[in-house]
Amino acid sequence: MATSWESLLQDEHLLEELALQAMDRALAEGVLLRTSREPSSSDVVSYAPFTLFPSLVPQALLEQAYAVQMDFNLLVDAVSQNSAFLEQTLSSTIKRDDFTAHLFDIYKQVLKEGIAQTVFLGLNRSDYMFQRSADGFPALKQIEINTISASFGGLASRTPAVHRHVLSVLSRTEEAAKILSNNPSKGLALGIAKAWELYGSTNALVLLIAQEKERNVFDQRAIENELLARNIHVIRRRFEDVSEKGSLDQDRRLFMDGQEVAVVYFRDGYMPSQYSVKNWEARLLLERSCAVKCPDIATQLAGTKKVQQELSRVGVLEALLPGQPEAVARLRATFAGLYSLDMGEEGDQAIAEALAAPSRFVLKPQREGGGNNLYGEEMVQALVQLKDIEERASYILMEKIEPEPFGNCLLRPGSPARVVQCISELGIFGVYVRQGKTLVMNKHVGHLLRTKAIEHADGGVAAGVAVLDNPYPV
Ligand code: ADP
Ligand code: MG
């Protein structure tokens, strides 16, 4: 896709001046990360990496992604309430993947005891790439949906001002005005506030489960600040703190440092390395409580790659969303090819196809956070090793999406500005709240565009690969 900034990208002096302006504006707007040297301190911070120019995104695909978000909210919520589906879908995976097995084990324990939670809150982000096609018009294809710790809603609320600034410096006022306003942090906070309100105890707090080393703290603060503005107090604690000072009363109300907790918002707990034995115990304690967990353990499981793959199977969406053929059609239109690697003929055939045309596939384990997928030669080696053993069931295969590359300039602290060929990934934030069986909120609350140089197959902003961006609708 040709960009209207193409000629600007060749003017080195101009880029240098614009980059300085853009960085200062990013800092002033609060597009910030802690540094990798001091990830636990806000003494010294830097701007979060971003593109100098907004990237062109077809308006129709933006609209499509927004239009399907409420369907994805409904779907995630339906999966999270369907224990038979979760059990069946994950049965082969949990035999071979310890992390998913551990999550599932907690799920089973909570089910057995009886779920104390009555209000449910989903804050998710569905991610897409734009598959190029022969007719020249790209198609929206889902990469994955994040049901836990979906991040960058806070910083994405602040990047439009930076790109408007750059275009204004160039006296491109009309173009500056076309950059969409975006405020996911507010929408996410409104979801938390609704859940807090329905929990129904004015003195109760929101407990944000935080990592000790958190570079992305300002992203989280944006949500905290919105809550505080509504007189809802947030405390940040680690799993370790919960295991030391968290407790349940006889009604399974959760207390932290003696204060009642209405909502637990996880910004930790999505990777194996984040769990010690004690942390697993803390997670179980939180799950057993009647506090609103965002997400509860079932909703985290609903976001696994194995579930994503099973959802693409013929008839599954129809069974999960009965009587909603239009929602089903909108959802299915965004699915790329997804293939089970369970033992058997279907898995054998998928492996044979991937070995015959490696560039067309991605091999994905049940992991979040970027940098875990295998591509190309690495994928081939893994598949050859896994081919005949049951370990393969802990992975899925996915069709590789191939967007049309375009030029942009990437700004990163400590590195010179780089003009490179890029591809983008669009995320839409979704929020829903359910009380018992009644859905009381279901909306989309904004977007995130991340852009990376084409030489990287994998990885997001936190992984140091992608940078923040804004869609420029065309
Ligand atoms: P994670 O949970 O680690 O974020 P993802 O499924 O989002 O896992 O994959 C990480 C990154 O890998 C994505 O942000 C995207 O850049 C790339 N990626 C994942 N799936 C595909 C795919 N099917 N085609 C092309 N790139 C992909
Ligand atoms: Mg991802």
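Figured I'd write up the structure that's included with this text. (Residues numbered from 1 in each chain as written. Chains lettered and ligands numbered in written order. Predicted model: local features only at pLDDT ≥ 70, side-chain atom pairs only at ≥ 80, totals over all residues. Heavy atoms only, no water.)

## Here we look at the site of ligand 1
For the record, the criterion: Nearness of a residue to a molecule or strand requires only that one of the residue's heavy atoms be within 4 Å of it. We define a polar contact as two N or O atoms separated by no more than 3.5 Å, with the added condition that, inside protein, one atom must be a possible hydrogen donor and the other a possible acceptor, whereas residues neighbouring each other in sequence contribute only through side-chain atom pairs. What sets the accessible areas is the Shrake-Rupley method with a 1.4 Å probe; for residues, cover comes only from the shown protein chains. Residues are grouped as follows: Ala, Val, Leu, Ile, Met, Phe, Trp, Tyr, Cys and Pro are nonpolar; Asp, Glu, Lys and Arg are charged; all remaining types, including Gly, are polar. All domain edges in this entry derive from an automatic or database-based domain assignment.
Neighbouring ligand 1 are 21 residues, the closest being Lys305, Lys364, Gly370, Glu425 and Lys452. Within the backbone of Gly369, a nitrogen or oxygen atom sits 3.4 Å from an oxygen atom of ligand 1. A distance of 2.9 Å separates an oxygen atom of ligand 1 from a polar side-chain atom of Tyr375. Starting from 540 Å² of accessible surface for ligand 1 in isolation, the protein chains cover 95%. Partitioning the shell around ligand 1 into residue classes produces seven nonpolar, four polar and ten charged. When residues of the shell around ligand 1 are assigned to domains, at least three fall in each of domain 1 (6-336 + 401-473) and domain 2 (338-400).

## A look at the packing of aromatic side chains
Formally: A pair of Phe, Tyr and Trp rings is counted when the ring centres sit within 6.5 Å of each other, with Trp represented by its six-membered ring. The angle between the planes then sorts it: under 30 degrees is stacked, over 60 is edge-to-face, the rest tilted. For the purposes of this entry, the term helix denotes a DSSP run of H or I that reaches at least four residues, the term strand denotes a run of E that reaches at least two, and both are numbered from the N terminus. For every residue, the accessible area obtained with a 1.4 Å probe (protein chains only) is divided by the maximum for its type, and the residue is called buried under 20%, exposed over 50%, and partly exposed between those limits. We call a charge positioned above a ring when the Lys NZ or Arg CZ atom is no farther than 6 Å from the ring centre and deviates by at most 35 degrees from the ring normal.
In this structure the tally under the stated criterion is eleven aromatic pairs. Ring plane angle 35° and centroid distance 6.1 Å describe the contact between Phe239 and Phe266, whose orientation is recorded as tilted. Residue Phe239 is located in helix α11 (residues 239-245), and its partner Phe266 is located in strand β11 (residues 259-266); the two are separated by 27 residues in the primary sequence. Taken as a pair, Phe239 and Phe266 share a single burial class, namely buried. Here the aromatic residues Phe99, Phe239, Phe266, Tyr275 and Trp280 are joined through ring pairs into a cluster of three or more. Above the face of the Phe266 ring, Arg283 is positioned so that its terminal group lies 4.4 Å from the ring centre.

Keep in mind these numbers describe shape, not what the thing actually does.
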